[in-house]
Amino acid sequence: MKARVTCAAPLETSELLGYWLGELPAEREAEVEEHLFACRECSAALGELVALGDAFRALLAGGGAAGVVPPEFVARLKAAGLRVREYRMEPQGSIDCTIAPHDDLVLAHLEAPLEGVERLDVVIHEIEARRTQRLEDVGFSAASREVVVVPKARDLRGIDKASQRVELIAVSPAGERLLGTYTFHHSRYRRG
């Protein structure tokens, strides 16, 4: 019986993701690629990441997922052929929005001052339903100065008229700080 060989220097998930997305510097990309060819364990980890990404993309395309995605992911969704309706909003903004029958997804680009933020929570208030959901410690890039929120397309299609308020909250050991409030007035799609 052969002993199981494990990788002596496993690649970090962030580096595997960077490799998959083509975001590594050329020299590091070549090093990671060489490691992947020689290491079954890290190659398997990359395969799992790719499968997870494909599953998430399919779930988004079906309208069954909601959450926060990196701004770079939006370009990948479009490149994959998804029809994306996008809304952009500054803090304390308000917008009328909808989802058309031909839209696969709706995205909200929420601009925010993210410099120095350690942890970010997204609080979603469904005003008419009197429900609140808090997404804790969401991923974000301070450099992008935006958070991209993806609501469940399937749920949006069933709404005739409703309002939703989204809050971006910076969380630190010193407490919470509101970065911005964004209000969406959703109505069913009407031609013309």
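Refer to the structure above for everything that follows.
Just so you know, these numbers come straight off a predicted model, no measurement behind them.

### Comments concerning the sheet that holds strand β3 (residues 93-97)
With respect to topology, five strands assemble into an open sheet ordered β3-β9-β8-β5-β6, the strand pairing being mixed. Of all the strands in the sheet, the pair left with one neighbour each is β3 and β6 (131-135). Strand-to-strand twist in this sheet, taken as the mean axis angle between neighbours without regard to direction, amounts to 20°. When β3 meets strand β9 (residues 175-187), the two strands line up parallel, connected through five bridges. Considered in β9, the bridge of I95 is made with F184.

### Topic: the nonpolar core
Nonpolar side chains tend to gather and get buried jointly when the protein is soluble and globular. Formed by 24 residues in total, the largest nonpolar core has its most connected members in L110, L120, L168, L179, Y182 and F184. Sorting the residues of this core by element identifies β2 (84-89), β4 (105-111), β5 (119-126), β7 (146-150), α5 (153-157), β8 (161-172) and β9 as the ones contributing at least two each. Among all residues touching L168, those that are not within four sequence positions of it are L110, A112, L120, D121, V122, V147, R177, L178, L179, G180 and Y182. Ranked by size, the runner-up nonpolar core spans 11 residues in total, among them L11, L16, V32 and C42.

### Structural notes on the pairing of β5
Across the eight residues that make up β5, a large majority, six, are buried. With five bridges joining them, β5 and β6 adopt antiparallel strand pairing. Looking at β6, one finds that I124 is bridged to Q133. The turn linking β5 back onto β6 is made up of four residues, and R130 within it adopts a positive phi angle of 55°.

### Some points on unusual backbone geometry
For D137, which is not a glycine, the phi torsion comes out positive at approximately 55°. By the secondary structure assignment, D137 is in the loop between β6 and β7. What makes D137 exposed here is its relative accessible area of 52%. Located in the positive-phi region is R145, a residue other than glycine, with phi close to 55°. In this fold, R145 is placed in the loop between β6 and β7.

### Here's the deal with helix α4 (residues 71-79)
The complete set of buried residues in α4 reads F73, V74 and L77. Within α4, the buried residues cover an arc of 110° as seen down the axis, which keeps them to one side. Once α4 ends, the next one or two residues include G81, with phi positive near 95°.

Calculation notes
Residues numbered from 1 in each chain as written. Predicted model: local features only at pLDDT ≥ 70, side-chain atom pairs only at ≥ 80, totals over all residues. Heavy atoms only, no water. Pairing = 2+ DSSP bridges. Helix = DSSP H or I, 4+ residues; strand = E, 2+ residues; numbered from the N terminus. Axes fitted to C-alpha atoms, helices over the stretch in contact; angles between N-to-C directions. Core = buried A, V, L, I, M, F, W, Y, C linked by side-chain atoms within 4.5 Å. Buried < 20%, exposed > 50% of the residue type's maximum accessible area, 1.4 Å probe, protein only. Contact = heavy atoms within 4.5 Å. Arc of directions from axis to C-beta.

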